[in-house]
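Architecture at a glance
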Amino acid sequence: MSDKKTSNQMWGGRFASGPAAIMEAINASISFDRKLYAQDIRGSIAHSEMLAQTGIISTADQEKIAHGLNTILKEIEAGTFEFSTRLEDIHMNIEARLADLIGPAAGRLHTARSRNDQVAVDLRLWVKDECFRVAEALKGLIKALLERAEEHAATVMPGFTHMQAAQPVTFGHHCMAYVEMFSRDLSRVRDAIERMDESPLGAAALAGTSFPIDRHGTAKALGFREPMRNSLDSVSDRDFALEFLGMAAICATHLSRLAEEIIIWSTPQFGFVRLSDSFSTGSSIMPQKKNPDAAELVRGKTGRVTGHLVGLLTVMKGMPLTYGKDMQEDKESVFDAAETLDLMLAAMTGMVSDMTVNAAAMKKAAGSGHATATDLADWLVRTLGLPFREAHHVTGRAVALAEEKKVGLEKLSLEDLQSINPGITADIFSVLAVQNSVKSRTSFGGTAPSEVRKQIRAWKKRIAKA
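Residues numbered from 1 in each chain as written. Predicted model: local features only at pLDDT ≥ 70, side-chain atom pairs only at ≥ 80, totals over all residues. Heavy atoms only, no water.

Glancing now at the overall build of the protein chain. Within the protein chain one finds 20 helices and eight strands. Relative to the 2.2 N^0.38 estimate, which gives 23 Å for 466 residues, the radius of gyration of the protein chain is 31 Å and therefore markedly larger than a compact globule would have. C-alpha atoms of the protein chain, sized along the principal axes, occupy 100 × 60 × 40 Å. Going through the 466 residues of the protein chain one by one, you find that 49% of them count as buried. Long-range pairs, those at least 24 residues apart, make up 73% of the contacts in the protein chain with a sequence separation of at least 6. (Helix = DSSP H or I, 4+ residues; strand = E, 2+ residues; numbered from the N terminus. Rg over C-alpha atoms; globule rule 2.2 N^0.38 Å. Buried < 20%, exposed > 50% of the residue type's maximum accessible area, 1.4 Å probe, protein only. Contact = heavy atoms within 4.5 Å.)

And the structure:
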């Protein structure tokens, strides 16, 4: 057996040419960082314009560079651009093609710039653009929830703790809880945009440059508030990517919680909602089934998004300043998390918008489990002046009696209740009906329909201005 054949077997069948093939495979990022093509070209044009304005390159060369880059942009968008793994990444692929198109002038583009600050600005621009897309998607989901909340502001349903019926609420109030959750996600997206709104371009490899560049000018040209203030931090910072993934993971968790409830609500045992055929599938063997697959997939994809956050945190935790090739691992995490979150938000918005709500089933379930027991205790405190702990004890005895008689609290007779506490009057029945219980919860943020409608009006105004 020849040494060459032995070497190839050692390296494995996928890498027939040995170490060089392995190095190309592990080093190349063009298979995924090609997503940054628009941001890379945008950053390069801004850089070239600054170089010309400061006299570092000629106007003639800058015009050639800009024309060539715009030609490349059209080629990529038309699908005619040929990407090469030998050229490693999107930056070198574009630079090589630029040299083919315009000749020696292409070599002037990289003056006062490194791939370190180039990739930092590309990814930061991409994440910033994605944050704006997520913000719009969140606003769409919030609007869908507001519509359902307004429609069902007075639709009674059980509220749960420990997945046990606790107190009656309204479906509108339940929807508004998710409005609050997703509004916090929207706030986090906007906060993240504010923090990442600084340009790393001009930091070069790590120490800045001796050329008289205008970093404030390129920051403004690229839509950033200002340049980053430290060249070392400029090329080594990936907080913006981590913060995006953190926001995405929290948002995905909220989506998963709502998906879980939709899955539970759509079971025959609950029957609170019915998903449309657009977001359900049938069983391959059981014709009676209608599976909430879209909700289940939203729930499942949450682990994927959270995994990307943990993955990048793990990469970054051991990174000394400034740049290391480890940081190439940031892009696939961010790209996949963004794509996944976009899909999750779209699916949830669709499910919320067109699911059918079974108000009758909700109302029936709201009265189960002695859900108005707290109302009885509150009435004893408010009307008879009992200490709450004593009222709690009296209510517990009433619940036990109702269970013994196999009836709801509201079905106990006045005599039954007076046998527990003689001070109870017929007025007690005004709070034992679930509808009255719900209406009585008028504290700020409570489930009373009047309060729910106040919150809906307030949120509609906020979202209209958002």
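In this section: the UniProt feature "domain: Argininosuccinate lyase C-terminal" (unreviewed entry) in the protein chain. Mapped onto the present numbering, the UniProt feature "domain: Argininosuccinate lyase C-terminal" (unreviewed entry) falls on residues 370–439. Secondary structure over residues 370–439 splits into 64% helix and 0% strand, and the C-alpha atoms at its two ends are 17 Å apart. (UniProt positions renumbered as here; feature names shortened; annotations may be inferred.)

Counting 98 residues, the largest nonpolar core has V127, L145, F182, F244, L255, M348 and M351 as its most contacted members. Once residues within four sequence positions are removed from consideration, L145 is found in contact with C175, Y178, V179, F182, L258 and V352. With 20 residues, the next largest nonpolar core counts A377, A391, L401 and L409 among its residues. (Core = buried A, V, L, I, M, F, W, Y, C linked by side-chain atoms within 4.5 Å.)

Glancing now at the environment of W126. Along the chain, W126 falls in helix 7 (residues 115–151). When the C-alpha positions of W126 and E329 are compared, they lie 15 Å apart, and in sequence the two are 203 residues distant. Not counting residues within four places of it along the chain, the set of residues in contact with W126 comprises K35, L36, Q39, R133, V334, F335 and A338.

On to the pattern of salt bridges, then. A complete count under the given rule lists 26 salt bridges for this structure. Put simply, D61 and R108 hold a salt bridge, and the shortest N to O gap is 2.8 Å. Pair noted here: D61 is in helix 5 (residues 59–78) and R108 is in the loop between helix 6 (90–102) and helix 7, with a separation of 47 residues, a long-range link. We note a salt bridge from K460 to E150, for which the minimum N-O separation is 2.6 Å. Here E150 lies in helix 7 and K460 lies in helix 20 (residues 449–465), a separation of 310 residues in the sequence. Classification of E150 by relative accessible area gives partly exposed; the value is 43%. Connected through salt bridges with shared partners, the residues E194, E198, R225, E226 and R229 form a single ionic network. (Salt bridge = Lys/Arg side-chain N within 4 Å of Asp/Glu carboxyl O.)

Turning our attention to unusual backbone geometry. Put simply, L321 and T322 share a cis peptide bond, and its omega is 10°. The backbone of E88 sits at a positive phi, close to 70°, despite the residue not being glycine. Take E88: it is sitting in the loop between helix 5 and helix 6. Residue E88 is classed as partly exposed on the basis of its relative accessible area of 23%. Unusually for a residue other than glycine, M163 sits at a positive phi of about 60°. Here M163 is to be found in the loop between strand 1 (156–161) and strand 2 (164–170). Judged by its relative accessible area of 46%, M163 is partly exposed.

Right, let's talk about the layout of surface pockets for a bit. Taken as a whole, the largest pocket spans an internal volume of roughly 530 Å³. Along the wall of the largest pocket there are 22 residues; nearest its centre are G159, F160, T161, H174 and E261. Those elements that provide at least two residues to the lining of the largest pocket are strand 1, strand 2, helix 8 (171–196) and helix 11 (239–265). A breakdown of the residues in the lining of the largest pocket according to their chemical character gives eleven nonpolar, seven polar and four charged. Along the walls of the second largest pocket sit 14 residues, with S266, T267, P268, K290 and P292 positioned nearest its centre. Partitioned by chemical class, the residues of the lining of the second largest pocket number five nonpolar, five polar and four charged. (1 Å grid on protein atoms, 1.4 Å probe; cavity = no way out; pocket = protein on both sides within 12 Å on 5 of 7 lines; lining within 4 Å. Points joined across faces, edges and corners; volume = space filled by probe spheres on them. Nonpolar A, V, L, I, M, F, W, Y, C, P; charged D, E, K, R; others polar.)

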